[in-house]
Amino acid sequence: MTIRKELLDELLQGYEKPEDLLGESGILKQLSKALIERSLEGEMTHHLGYSKHSPAGKNSGNSRNGRNRKNVKTGHGELAIEVPRDRNGEFEPIIIEKGRRRFDGFDDKILSMYARGMTVRDIQGHLEDIYGVEVSPTLISDVTDAVLEEVKEWQSRPLEEVYPIMYLDAIRVKIRDQGHVVNKAVHMVIGVDMNGKKDMLGMWIDREEGAKFWLKVITELKNRGVKDIFIACVDGLKGFPEAIEAVYPKTRIQLCIVHMVRNSLRYVSWKDRKAVAGDLKAVYKAVTEEDGERSLTTFEEKWDEKYPLIGKSWRNNWGRVIPFFAYPEAIRKAIYTTNTIESLNMTLRKVTKNRASFPNDTAALKLLYLAIRNIMKKWTMPIIDWGAAINQFAIIFEDRVSIK
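Notes on the structure in this doc start here. (Residues numbered from 1 in each chain as written. Predicted model: local features only at pLDDT ≥ 70, side-chain atom pairs only at ≥ 80, totals over all residues. Heavy atoms only, no water.)

## Here's the deal with the pattern of salt bridges
All chains considered together, the criterion is met by 17 salt bridges. Between Glu41 and Arg67 there is a salt bridge, and its shortest N-O distance comes to 2.9 Å. Highlighted residues: Glu41 in helix α3 (residues 27-48) and Arg67 in strand β1 (residues 64-74), separated in sequence by 26 residues. Its relative accessible area of 18% is what places Glu41 among the buried residues. (Salt bridge = Lys/Arg side-chain N within 4 Å of Asp/Glu carboxyl O. Helix = DSSP H or I, 4+ residues; strand = E, 2+ residues; numbered from the N terminus. Buried < 20%, exposed > 50% of the residue type's maximum accessible area, 1.4 Å probe, protein only.)

Next comes the structure, spelled out in structure tokens:
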């Protein structure tokens, strides 16, 4: 639809400054109000079957009966709308339903701000400053709580049958539980499908890990349609091997190199981080297991006196690291993908930092889901060198790879 230039010129007569267009009494708000009210009048005409003042309405059994004033929150601020009513009280407007007080993407604006980590107070202040609209904490909670049904559907949606790679990660958040604020882990499972696309498969909150917890998670994935996982990259294995073997006995478990490096650098002073990270790179970038172990020995000789816990950690977990060396370079790159995990964690920490604690598990899931929903919009491309990786997967797991 093209709006006539003459109409635009007429609307802009007398326009001198931005406030005339965008201000509290500007053209946009007046036009929005006029269009909504005109639409409501059209709905009333359709409902009654005759236009205003038409003789056809005589003895029709129903008629117009004045208007009700209604304040509606919109993206341009608050509008005072005149809603027509009929004598029989049967008119049900469509454009602004009965009981509806928000319009024009207003809820989406609240969800967008909430997903970026803004607190209820921050959102209240922002909406008042920008749009001149006062909103209550209850309204914001109602809008954000409405997403919980979407969370349930997302958490139970059907999944792909095969994931060549699956990452298991967790972020710690403070949640009130039985009158006390405790640290809980929000466990996240990220799958890479046969096309190399990443997808967050679900989130689970629990204070303690263990075989029972992981069996519940893995069984849920199976019930949602996952038939096979080639490689599972995990940080910490408490109870996980037993659970994965019970459900997916052919899955290979790989200690996540990203987490090994991240945990190692926790012990290092800022001025040494670059050097230590570079020397660790020589370990996990080695061509063979033997070369990797030699590089680890060299690392220990250089850094053990200052940072003895790093070498000890790699030695203790060496049996879980070495499967990495058996894979070709393309698969190694797919497994060791810092961007997937690191950018996810960075974003989630950013959105949770403004909250000292969450009142319950549901509140934490609600915020993290909205943040993850934004993140996943950017997961549109396959991971780096996926073409080479999937060809090598086809060789190594030949009886389990089916390219459609």
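## Brief notes about the nonpolar core
With 82 residues, the main nonpolar core has Met200, Ile231, Val276, Trp314, Leu348, Trp386 and Phe393 as its most contacted residues. Ranked by the residues each element gives to this core, the list is headed by helix α17 (residues 361-376), at ten residues. Filtering out sequence-adjacent residues up to four positions away, Ile231 remains in contact with Pro164, Ile165, Met166, Thr251, Arg252, Gln254, Tyr327, Ile331, Ile335, Phe393 and Phe397. Counting 21 residues, the second-largest nonpolar core is a separate cluster that includes Trp214, Leu221, Ala243 and Ile244. (Core = buried A, V, L, I, M, F, W, Y, C linked by side-chain atoms within 4.5 Å. Contact = heavy atoms within 4.5 Å.)

## Brief notes about the packing of helix α10 (residues 257-265) against helix α11 (residues 273-284)
For the pair α10 and α11, the least separation of the axes is 11 Å and the interaxial angle reads 145°. Note on packing geometry: the crossing formed by α10 with α11 is right-handed. Residues Ile257, Val261, Ser264 and Leu265 of α10 touch α11, and the partners they reach there are Arg273, Val276, Ala277, Leu280 and Tyr284. Considering only residue class, the contact of α10 with α11 consists of seven nonpolar, one polar and one charged. (Axes fitted to C-alpha atoms, helices over the stretch in contact; angles between N-to-C directions. Left-handed = near helix turned anticlockwise from the far one by under 90°. Nonpolar A, V, L, I, M, F, W, Y, C, P; charged D, E, K, R; others polar.)

## A closer look at the sheet that holds strand β7 (residues 252-255)
An order of β5-β4-β3-β6-β7 is seen for the five strands of this open sheet, with the pairing classed as mixed. In this open sheet, the two edge strands, each paired with only one partner strand, are β5 (198-206) and β7. Within this sheet the neighbouring strands show an average axis-to-axis angle of 25°, counted without direction. The pairing of strand β3 (residues 162-177) with strand β4 (residues 180-192) spans 13 bridges and is classified as antiparallel. What sits directly across from Ile165, in β4, is Val192. Taken strand by strand, helix α8 (residues 211-223) contacts β3, β4 and β5, and its axis lies near 145° from that of β5. (Pairing = 2+ DSSP bridges.)

## Description of the environment of Gln124
Inspection of the secondary structure assignment puts Gln124 in helix α5 (residues 120-131). Residue Gln124 is classed as partly exposed on the basis of its relative accessible area of 24%. A sequence separation of 13 residues divides Gln124 from Pro137, and the C-alpha atoms of the two residues are 7.6 Å apart. In this view, Gln124 contacts Val135, Ser136, Pro137 and Ile140; residues no more than four positions away in its chain are not counted.

Fair warning: the whole summary comes from geometry, so function is off the table for now.
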